[in-house]
Amino acid sequence: MLYQRSSALFAEAQKYIPGGVNSPVRAFKAVGGDPIFVKKAKGAYLYDEDGNKLIDYIASWGPLILGHAHEPVINAVIEKAKQGTSFGMPTEIETQLAQLAVSMVPNIDKIRFVNSGTEACMSAVRLARGYTGKDKIIKFAGCYHGHSDSFLIQAGSGAVTFGSPNSPGVTQGTAKDTLLAKYNDLESVRELVAANKGEIATVIIEPVAGNMGCIIPSDEFIKGLRELCTEEGILLLFDEVMTGFRLGKGGAQEALGIDADIVCFGKVIGGGLPVGAFAARAEIMSHLAPEGPVYQAGTLSGNPLAMAAGLAMLTELNNNPEVFESLAKKTAYLHEGLDAVLKEKEIPYQINRFGSMISVHFTEDEVVDFESSAKGNNDTFKKYFHGMLENGIYLPPSAFESYFLNDALTYDDIDATVAALKKIEF
Ligand code: PMP
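Just so you know, these numbers come straight off a predicted model, no measurement behind them. Per-chain numbering applies: the sequence of each chain, read as written, is numbered from 1 onward. This being a predicted model, a pLDDT of at least 70 is required before a residue's local features are given, and a value of 80 or more before pairs of side-chain atoms are given or counted; all residues contribute to the totals for chains, interfaces and linings.

What about the overall build of the protein?
Then step 1. Helix and strand definitions follow DSSP, with helices as H or I runs of at least four residues and strands as E runs of at least two, each counted in order from the N terminus. Along the protein, the regular secondary structure elements total 15 helices and 14 strands.
Then step 2. Over its C-alpha trace the protein gives a radius of gyration of 21 Å, about what one expects of a compact globule, namely 22 Å for 426 residues.
Then step 3. Counting other C-beta atoms within 10 Å of each residue's C-beta, where C-beta atoms are placed from the backbone, gives the exposure class: buried for 20 or more, exposed for 12 or fewer, partly exposed between. Looking at the 426 residues of the protein, the share that counts as buried comes to 50%.
Then step 4. Any pair of residues counts as being in contact when their C-beta atoms, constructed from backbone geometry, are within 7 Å of one another. Considering only contacts within the protein whose residues lie at least 6 apart along the sequence, 73% involve residues at least 24 apart. Here the radius of gyration uses the C-alpha set of atoms, whereas the globule reference equals 2.2 Å times the residue count to the power 0.38.

Structural data, given as structure tokens:
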């Protein structure tokens with residue numbers, strides 16, 4: 001495949017935009033080569049500026065769970081846009097989306113809409129601090145909760161892909177309140193809690209991690225975490241920006257059978273428009289301005305186009321919950337296919353999968369936390385990524401990312417994906 005126009009557009013973009021991109025992982029730095037500039041997309045397929053057609057396993061990093069340019073979503077946005085794009089005043093559709101989200105997700109009574117997952121997590125932590133009157137938070141190495149200061153401490157995703165899990169610009173003062181635990185290691189959390197008795201507001205976690213590749217929490221770990229938080233009066237904060245409305249109507253809370261105290265959303269809830277949200281029981285949410293003293297605001301929060309996209313998306317999912325099962329089956333089918341080929345190739349690998357999240361790690365050992373994920377062989381990953389791309393398959397351009405399947409993918413697409421892997425010489 002040729003990517004001449006993409007490369008030319010990238011060269012031009014670099015003159016005016018740092019690194020030529022508006023979010024670092026897009027730049028292909030971890031895998032080498034120039035990024036692909038997309039022109040349009042429909043269903044499971046991307047069409048780039050050189051006229052190539054690619055099967056997409058990212059779906060805009062998760063939001064497009066029903067595929068690109070899904071008609072009910074697109075039509076809702078077009079119709080809404082005709083009535084004006086932003087008012088900075090209350091609109092009925094905000095309540096409609098709130099009501100639907102609250103009805104789908106366990107343990108939440110009220111929800112506040114923001115514009116990104118970053119904002120959702122940042123605001124949710126402020127709420128947790130305001131509610132508990134405590135300053136410290138615990139996060140897990142390799143988890144990514146957006147790019148606000150408190151979270152760029154051993155962060156996953158693009159931060160680790162670019163070798164800056166602890167970003168310059170985050171002050172010592174901020175960093176000291178973020179304590180670091182090991183994913184799937186309850187003892188590491190217990191130790192932090194004991195050493196900081198009565199000082200921890202919240203434990204924030206990706207309940208199924210997707211930012212160090214896909215990593216599944218053990219039953220013992222996630223249940224133990226819930227019990228520990230309850231015992232210690234710590235709020236358990238599920239960052240469901242990836243898992244929300246993807247692992248099922250009720251997200252990871254439902255899929256894992258664990259109740260969280262605060263839940264963050266992003267991606268699917270906005271149907272491909274910029275939306276994030278955080279939600280909790282009414283008693284906790286009542287601390288938020290204007291009801292309570294914890295301040296949080298946004299000029300474009302609850303934007304009508306974004307709400308229209310989110311409402312159309314969640315309505316589809318609510319009315320057709322079998323889509324989650326369908327996606328999980330497709331993902332299992334992909335897993336089987338990749339597994340069979342990689343076994344034949346005799347290279348060390350691990351495949352982690354949960355629902356419609358899946359990732360391949362080129363390492364011998366089980367991948368259960370950031371340390372084991374980071375052992376993956378990046379040279380092998382690069383060959384895998386570029387080999388797949390050469391054959392029309394678009395995977396995340398970093399080993400520290402989960403794939404997000406979308407329901408427009410067909411079994412034929414998945415067969416083509418597995419056939420592409422067969423052709424790669426490692
Ligand atoms: N939390 C998680 C779990 C995420 O995966 C991401 C983004 N991938 C974020 C938060 C931040 O969301 P956004 O990029 O919309 O700011």
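Things to note about the site of the ligand
Then step 1. Using a C-beta atom placed from the backbone, a residue is described as near a molecule or strand when that atom lies within 6 Å of it. Taken together, 17 residues lie around the ligand, and Ser116, Gly117, Thr118, Gly146 and Val241 are the ones closest in.
Then step 2. Split by residue class, the shell around the ligand holds five nonpolar, 10 polar and two charged. Here the nonpolar group is Ala, Val, Leu, Ile, Met, Phe, Trp, Tyr, Cys and Pro; Asp, Glu, Lys and Arg are the charged ones; every other residue, Gly included, is treated as polar.

Here's the deal with the sheet that holds strand 1 (residues 38-42)
Then step 1. Pairing in this open sheet of four strands is mixed, and the strands run 1-2-3-13 from one edge to the other. Among the strands making up the open sheet, the edge pair consists of strand 1 and strand 13 (393-394).
Then step 2. Sheet topology places strand 3 (residues 53-56) next to strand 13; two bridges connect them, and they run parallel. Across the sheet, residue Ile55 finds its bridge partner in strand 13, namely Ile393. For two strands to count as paired, DSSP must find a minimum of two bridges between them.

Let's talk about the sheet that holds strand 9 (residues 262-265)
Then step 1. Reading across the sheet, the seven strands line up as 4-10-9-8-7-5-6 and stay open at both edges, with mixed pairing between neighbours. The sheet is open, and its two edges are formed by strand 4 (110-114) and strand 6 (178-181), each paired on a single side. The sheet shows a mean angle of 20 degrees between the axes of neighbouring strands, direction not considered.
Then step 2. Contacts between helix 4 (residues 117-132) and the sheet are confined to strand 4, strand 5 (136-140), strand 7 (200-205), strand 8 (235-239), strand 9 and strand 10 (276-280), with strand 9 contributing the most and set at about 165 degrees to the helix.
Then step 3. Its contacts with the sheet put helix 8 (residues 219-232) on strand 7 and strand 8, and the angle it makes with strand 8 is roughly 140 degrees. Angles run from 0 to 180 degrees between N-to-C directions of axes, and those axes are lines fitted to C-alpha atoms, restricted for helices to the stretch in contact.

So, the nonpolar core
A general tendency of soluble globular proteins is for nonpolar side chains to be buried together.
Then step 1. Connectivity within a nonpolar core runs through C-beta atoms within 7 Å, and the core itself is a set of buried Ala, Val, Leu, Ile, Met, Phe, Trp, Tyr and Cys residues. Residues Ala124, Val203, Leu237, Ile262, Val263 and Ala277 are the most contacted members of the largest nonpolar core, which totals 132 residues.
Then step 2. Broken down by element, this core gets its largest block of residues, 10 residues, from helix 11 (residues 304-319).
Then step 3. In contact with Ala277, not counting residues within four places along its chain, are Ala101, Ile111, Arg112, Phe113, Val114, Ala120, Phe265 and Ile269.

Looking at the environment of Ile222
Then step 1. If you trace the backbone, Ile222 turns up in helix 8.
Then step 2. For the pair formed by Ile222 and Lys39, sequence separation is 183 residues and the distance between their alpha carbons is 42 Å.
Then step 3. If we ignore the near neighbours within four places in the chain, the residues touching Ile222 are Pro207, Pro217, Leu256 and Ile258.

A look at the confidence of the model for the protein
Then step 1. On average, residues of the protein carry a pLDDT of 96, and 100% of them reach 70 or more.
Then step 2. The ipTM for the predicted assembly is 0.99, set against a pTM of 0.97. Known as pLDDT, the predictor's confidence for each residue is given on a scale from 0 to 100.

Remarks on the packing of helix 7 (residues 186-195) against helix 8
Then step 1. Look at helix 7 against helix 8: their axes get within 10 Å of each other, and the N-to-C directions meet at 15 degrees. In terms of their interaxial angle, helix 7 and helix 8 are classed as roughly parallel. The handedness of the crossing between helix 7 and helix 8 comes out as right-handed. Of helix 8, the residues touching helix 7 (which contributes Leu186, Val189, Arg190 and Val193) are Phe221, Gly224, Leu225, Leu228 and Glu232.
Then step 2. Looking at the contact of helix 7 with helix 8 residue by residue, the classes come out as six nonpolar, one polar and two charged. Under this scheme an angle from 65 to 115 degrees is roughly perpendicular, one under 35 degrees roughly parallel, and one over 145 degrees roughly antiparallel; angles in between are oblique. Helix crossings fall into two classes, left-handed where the near helix is turned counterclockwise from the far one by less than a right angle and right-handed where it is turned clockwise.

Observations concerning the environment of Asp261
Then step 1. In this fold, Asp261 is placed in the loop between helix 9 (251-256) and strand 9.
Then step 2. By C-beta crowding, Asp261 is classed as buried, having 23 other C-beta atoms within 10 Å.
Then step 3. For the pair Asp261 and Ile138, spaced 123 residues apart in sequence, the C-alpha to C-alpha distance is 15 Å.
Then step 4. Aside from chain neighbours lying at most four places away, what touches Asp261 is Leu235, Leu236, Leu237, Ala280 and Ile284.

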